[in-house]
Each structure stands twice: as structure tokens, then as C-alpha cells.
Amino acid sequence: MVKLEIACFNVPSAIIAQKNGADRVELCAEMEVGGTTPSIGDIKKVRANIDIDLNVMIRPRGGDFAYSDLEFEQMKEDIFTIKQLRVDGLVFGILREDNSVDVARNKELVDLASPLPCTFHRAFDDVVNMEKSLEDVIDCGFTTILTSGCEPNVSIGIDNLKTLVDLSAGRIQILAGGGLRSNNVSTLVNYTGVTYVHSSAITDGSDTAVAEEVANIKKHANLSSSIAN
């Protein structure tokens, strides 16, 4: 079965995600910059209202993914605090100025997050060498990479996503996200072989997931998966 993660930017989205078949919520703040670390209050409210898995983004600001020493310290503090809140995983990613994976800093955060699993987020889509970066992220100890295939969205990056699934060979989960909707998830799943997909399921210009879209993504992903099998 193909699983579905919904990126949520508020508490109502998380509730909608659970009610309509999502397997996991990725909680973030600031949708307009692609997501940042949510407030402690929002994390607690979401945890109190959903039983499905809850992953939380650790990102101190929008923009690039090369962080200052102060920003790195903030990420460490946030991980230490948030891992106490009954969350199921953490989501982050640090690059160097040249857009290569900062192995040392990422490893430090993965170790700090333990025993929680960690997802390397769409910072991966900015890397200059996809194949080497895949190996670097695996070496850091991440369990998942959220990616649109190093392209602006999953439709453009579909060939790269298939390559990543093939190269990963089960060593890490490739979580396909970025422009994923109910009208393209079937093609994506059939072609790439991904078994976990990610979407905000926002189709109405708001900042809140649309119930029908959540349900349709899950339905079409698994219709395609059953046909393929």
C-alpha cells in the first residue's frame, strides 16, 4: 500500500489529513517560505488531536539551507525540545554554501534526534550532484528523503525520482513530494515505484488541506499501486 504524508501548516489541516486517510502529518509553519519550525503550542495541539504519525520540521528560516553557527545552535535546541513532545520524527536538511550535503552537521542533528527517525527535506532538490548526495544523506543516518527529483515539481522530476528509487535499493525511503496532487499521483507511483508520497493537498488557494483532495490522493495512489501489482 502506498502511504501518504500531508504537509500541514495549521491544526485544522492535521485533523483533515487524519480524517481523510493520511498516514502521517508533517507539521510546519510559514507556508509562504516552504515551511519552518512550528511553534511548541501548535505541535502540542496537533499531537492532542491526531493519532497518526506526526513529523515536525526543524528549519530556523526560509531561504537557502546553509546555516550560520547561531542558526545551527537553534536547530539543536529545537530538536532537544521538540523530541520531548511525543512526535514521531523530525524533518531537516543542511547544505554547504556550494549546495553539497553538510555531512558533519547533519550527522550531529541525526544523532541528537535519536531514537526518532529523520527525514532530509527538499533541501535535497538544491544539491548539485544527486547521486553523491543520496549516498551522503544515507551515510548521515536519515531514514527518508523528501524530494521532487531535484526539479521544481514531481512531474518534471519523475525520471530522477525513478533513478533515486532504483539507486537507493531500499536503503532509504524516497518520499515523493512537490506539486503532487490527485491528478498526477497515479502516473508517478506507477512509473517510479515510490511507496510513500507527500502533498499539502491545498487546491483552493488557502493554507489548509482540502479534505476531498487528501482522500483522492490516497485513493488514486493505491488504485495505481494495485493495478501495477
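Here the residue index of a chain counts from 1 through its sequence in written order. With the structure being a predicted model, the display of local features is reserved for residues of pLDDT at least 70 and the display and counting of side-chain atom pairs for 80 or more, all residues being used for whole-chain, interface and lining totals. The side-chain quantities take in all heavy atoms of the structure and omit both hydrogens and water.

Regarding the confidence of the model for the chain
Interpreting fine coordinate detail is not advised for predicted regions of low pLDDT. The predictor reports its confidence for every residue as pLDDT, a score running from 0 up to 100. For the chain, per-residue confidence averages 96 on the pLDDT scale, and 97% of positions sit at 70 or higher. Whether two residues touch is decided by their heavy atoms; if any such pair falls within 4.5 Å, the residues are in contact. The model gives residues 225-229 a pLDDT under 50, and that stretch makes four contacts with residues more than four places away or in other chains.

Examining the side chain of Asn-10
Secondary structure follows DSSP: runs of H or I at least 4 residues long count as helices, runs of E at least 2 residues long count as strands, and numbering of each begins at the N terminus. One can find Asn-10 in the loop between strand 1 (3-8) and helix 1 (11-19). Looking at Asn-10, its side chain comes within polar contact range of the main-chain nitrogen of Ser-13, at 2.9 Å. For the purposes of these results, a polar contact is taken to be a pair of N or O atoms within 3.5 Å, where, inside protein, one atom must be able to donate a hydrogen and its partner to accept one; residues adjacent in sequence count only when each atom of the pair is a side-chain atom. For Asn-10, the side chain forms a polar contact with the main-chain oxygen of Asp-207, separated by 3.1 Å. Apart from residues lying up to four places away in sequence, Asn-10 is in contact with Asp-207 and Thr-208.

Regarding the pairing of strand 6 (residues 144-147)
Where burial is concerned, the two faces of strand 6 agree: the one with Thr-144 and Leu-146 and the one with Ile-145 and Thr-147 are both buried. By the bridge criterion, two bridges tie strand 5 (residues 118-120) to strand 6 in an arrangement that is parallel. In the sheet register, Thr-119 faces strand 6, and the bridge partner there is Thr-144. With the strands aimed away from the viewer, a crossover counts as right-handed if its path from the first strand over the helix to the second runs clockwise. Following the chain from strand 5 across helix 5 (residues 130-140) to the adjacent parallel strand 6, one finds a crossover that is right-handed. In the sheet, strand 6 pairs with strand 7 (residues 173-177) via four bridges, with the strands oriented parallel. Across the sheet, Thr-144 pairs through a bridge with Gln-173, a residue of strand 7. Working definition: with a 1.4 Å probe on protein chains only, accessible area under 20% of the residue-type maximum means buried, over 50% means exposed, and in between means partly exposed. Here a strand pair is declared whenever DSSP counts at least two bridges between the two strands.

Things to note about the packing of helix 3 (residues 69-82) against helix 4 (residues 103-113)
The axes used here are C-alpha line fits, helices contributing only the stretch in contact, and every angle between their N-to-C directions lies in the interval 0 to 180 degrees. The interhelical angle for the contact between helix 3 and helix 4, taken along N-to-C directions, is 20 degrees, at an axis separation of 9 Å. On the basis of the axis angle, helix 3 is roughly parallel to helix 4. The chirality of how helix 3 crosses helix 4 is right-handed. The segment helix 3 lies against helix 4, with Asp-69, Phe-72, Met-75, Lys-76 and Ile-79 engaging Arg-105, Glu-108, Leu-109, Leu-112 and Ala-113. These descriptions rest on fixed angle ranges, namely under 35 degrees for roughly parallel, over 145 for roughly antiparallel, 65 to 115 for roughly perpendicular, and the rest for oblique. Crossings are assigned a handedness: left-handed for a near helix turned anticlockwise from the far helix by less than a right angle, right-handed for a clockwise turn.

Digging into the pattern of salt bridges
Salt bridges are identified by distance alone: a Lys or Arg side-chain nitrogen within 4 Å of an Asp or Glu carboxyl oxygen. All chains considered together, the criterion is met by 12 salt bridges. Notably, a salt bridge pairs Asp-64 with Arg-61, separated by 2.9 Å at the nearest N-O pair. Of the charged contacts, one joins Lys-132 and Asp-136 as a salt bridge, the two residues approaching to 2.9 Å between their closest N and O atoms. Of the two residues, Lys-132 and Asp-136 both sit in helix 5, four residues apart, roughly one turn of that helix. A residue is classified by how much of its surface remains accessible, and Asp-136, at 12% relative accessible area, is buried. Through salt bridges with shared partners, a single ionic network connects Arg-61, Asp-64 and Glu-71.

Some words on the side chain of Lys-76
Following the sequence through the fold, Lys-76 ends up in helix 3. Given the relative accessible area of 18%, Lys-76 is considered buried. At 2.9 Å, the side chain of Lys-76 and the side chain of Glu-73 are in polar contact. Once residues within four sequence positions are removed from consideration, Lys-76 is found in contact with Glu-108, Leu-109 and Leu-112.

Quick notes on helix 4
Since the α-helix advances by 3.6 residues per turn, residues separated by three or four positions end up pointing in the same direction. Regarding helix 4, the residues found buried are Arg-105, Asn-106, Leu-109, Val-110 and Ala-113. Buried residues of helix 4, seen end-on, are gathered within an arc of 135 degrees and therefore sit on one face of the element. For helix 4, exposure combined with an orientation more than 90 degrees from the buried face picks out Ala-104 and Asp-111. Looking at the buried positions of helix 4, the neighbouring elements they touch are helix 3, strand 4 (89-92), strand 5 and helix 5. An arc is given here, and it is the one of the directions from the helix axis to the C-beta atoms.

Concerning the nonpolar core
As used here, the term nonpolar core means buried Ala, Val, Leu, Ile, Met, Phe, Trp, Tyr and Cys residues forming a set that is joined through side-chain atoms within 4.5 Å. With 66 residues, the main nonpolar core has Leu-90, Phe-92 and Val-197 as its most contacted residues. Take this core: its biggest share by element is five residues, from helix 5. Once you skip the residues sitting within four places of it in the chain, Leu-90 turns out to touch Val-56, Ile-58, Ile-79, Ile-82, Ala-113, Leu-116, Pro-117, Cys-118 and Thr-119.

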